[in-house]
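# Per-entry structural report
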Amino acid sequence: MHKNIDEIKKNEKPPKVLKNLYSAEEIKEFLNLYQSLPTTVHNKKQNVIKKRWLQGYSKKLEDLFCKKLKEEIGDFKMDNLQTDDGKDIYGLFQESYNPIGLHVDAGFNFDNLIYRQTLIPLTSVGSTVIFKNRFYGGSTNFTLDKNELEKKTLNYGQNKRSSEHYGMYGEKPFDKEAHEKYLKHEDIENLKGLEIDFVYEWELGSMLIFDRTNLHCSSCKIEGKKIGLTTFTKK
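This report concerns the structure included in the present document. These figures come from a predicted structure and were not determined experimentally.

## Structural notes on the overall build of the protein chain
Per the secondary structure count, the protein chain includes five helices and 14 strands. Once the C-alpha set of the protein chain is aligned to its principal axes, its extents read approximately 50 × 40 × 35 Å. Expressed as a percentage of the 235 residues in the protein chain, the buried residues total 51%. Contacts spanning at least 24 positions in sequence make up 79% of the contacts within the protein chain whose residues lie at least 6 apart. On the protein chain, roughly 12000 Å² of surface is accessible, and the fraction owed to carbon and sulfur atoms is 47%. Positive and negative charge centroids in the protein chain, built from 38 and 35 side chains respectively, lie 2 Å apart.

Written out as structure tokens, the structure reads:
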């Protein structure tokens, strides 16, 4: 559990979408950056390719991203993992062929004052579901799958697997209409007690900003594949 929960809560705000933040040319540059980066993980079971946004590949995009984000959320520090040689990683590109499940990106260091995270779509079709429910532990994939819950040996930067959310937010069954529309890839029982706050429909040039304590997941809306860039900040 994070040590500065009261301070983290003081900084919390509703999710927000910034439209027309990046030009078509800038989105193309992000995609070119993605193509140039080495693959970090190719999870064939989940059918997702992950690439770390390493420093030095595009100083222009690093400066552009930080400038635009600071204008919106004020002073921040990047809260990213590091490479083997100690360099900060600006974020994570994900090329997904299946929806990403219920999780929270609350970090791995409980001393940090976690802040906001961002999502920049680099393909036009997709959506992300943000829940009102919050979690103040570390980065976690929430599941009732016994095989997933048995995974205890995790690599550097991998989310732990847990079912501790189950019952934490009450016993109210998840809305069946919302499940059918957005989340039919998720076991509806895994969503018990959760309530949707906001559904972000992907749009090129826009950016979603939300608190790192918000539970969230991909919707089932996907056409072939989707590519997005996620970053994490702290105070």
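## Quick word on the pattern of salt bridges
It is possible for side chains of opposite charge to pair when their charged atoms get near one another. Enumeration according to the criterion identifies 19 salt bridges in this entry. With a shortest N-O distance of 2.7 Å, E72 and K16 are connected by a salt bridge. You can see E72 sitting in helix α3 (residues 59-73) and its partner K16 sitting in strand β1 (residues 16-18), a full 56 residues away along the chain. On the accessibility criterion, E72 (29% relative accessible area) is partly exposed.

## Section: the packing of aromatic side chains
One pass over the full model with this rule turns up eight aromatic pairs. Relative to F30, the ring of Y22 has its centre 5.4 Å away and its plane inclined at 90°; by these criteria the two rings are edge-to-face. Pair check on accessibility: Y22 and F30 agree, each one buried. Three or more aromatic residues joined by ring pairs form one cluster here, namely Y22, F30, Y34, W53, F65, Y90 and F93. Across the ring face of Y136, the terminal group of K9 is positioned such that the distance to the ring centre comes to 5.2 Å. Over the ring of W202 we find K226, and its NZ or CZ is 4.8 Å from the ring centre.

## Brief notes about the nonpolar core
The biggest cluster of nonpolar side chains holds 28 residues, and the ones touching the most others in it are Y22, F30, W53, F65, F93, I120 and M207. For this core, the elements supplying multiple residues, two or more each, are α2 (24-36), β3 (48-54), α3, β5 (89-96), β7 (114-121), β12 (207-211) and β14 (226-234). Each residue touching F93, except ones within four places of it in the same chain, is listed here: F30, L33, Y34, L37, I49, K50, K51, W53, L122, G228 and L229. The next biggest cluster of nonpolar side chains, apart from the first, holds 22 residues, and it includes V104, F131, Y169 and L183.

## As for the side chain of D105
Structurally, the position occupied by D105 is in the loop between β6 (103-104) and β7. Buried within the structure, D105 lacks any salt-bridge partner; its nearest side chain of opposite charge belongs to R212, at an N-O separation of 7.0 Å. A polar contact of 3.1 Å, which involves the side chain of D105, links it to the side chain of Q117. When neighbours within four sequence positions are excluded, D105 is seen to be in contact with Q117, S139, N159, R212, H216 and F232.

Criteria and cut-off values
- Residues numbered from 1 in each chain as written.
- Predicted model: local features only at pLDDT ≥ 70, side-chain atom pairs only at ≥ 80, totals over all residues.
- Heavy atoms only, no water.
- Helix = DSSP H or I, 4+ residues; strand = E, 2+ residues; numbered from the N terminus.
- Buried < 20%, exposed > 50% of the residue type's maximum accessible area, 1.4 Å probe, protein only.
- Contact = heavy atoms within 4.5 Å.
- Areas by Shrake-Rupley, 256 points an atom, 1.4 Å probe, with all protein chains shown as cover.
- Lys, Arg positive; Asp, Glu negative; His and termini not counted.
- Charge placed at Lys NZ, Arg CZ, Asp CG, Glu CD.
- Salt bridge = Lys/Arg side-chain N within 4 Å of Asp/Glu carboxyl O.
- Phe/Tyr/Trp six-rings, centres within 6.5 Å; stacked < 30°, edge-to-face > 60°.
- Lys NZ or Arg CZ within 6 Å of the ring centre and 35° of its normal.
- Core = buried A, V, L, I, M, F, W, Y, C linked by side-chain atoms within 4.5 Å.
- Polar contact = N/O pair within 3.5 Å; in protein donor to acceptor, adjacent residues only side chain to side chain.

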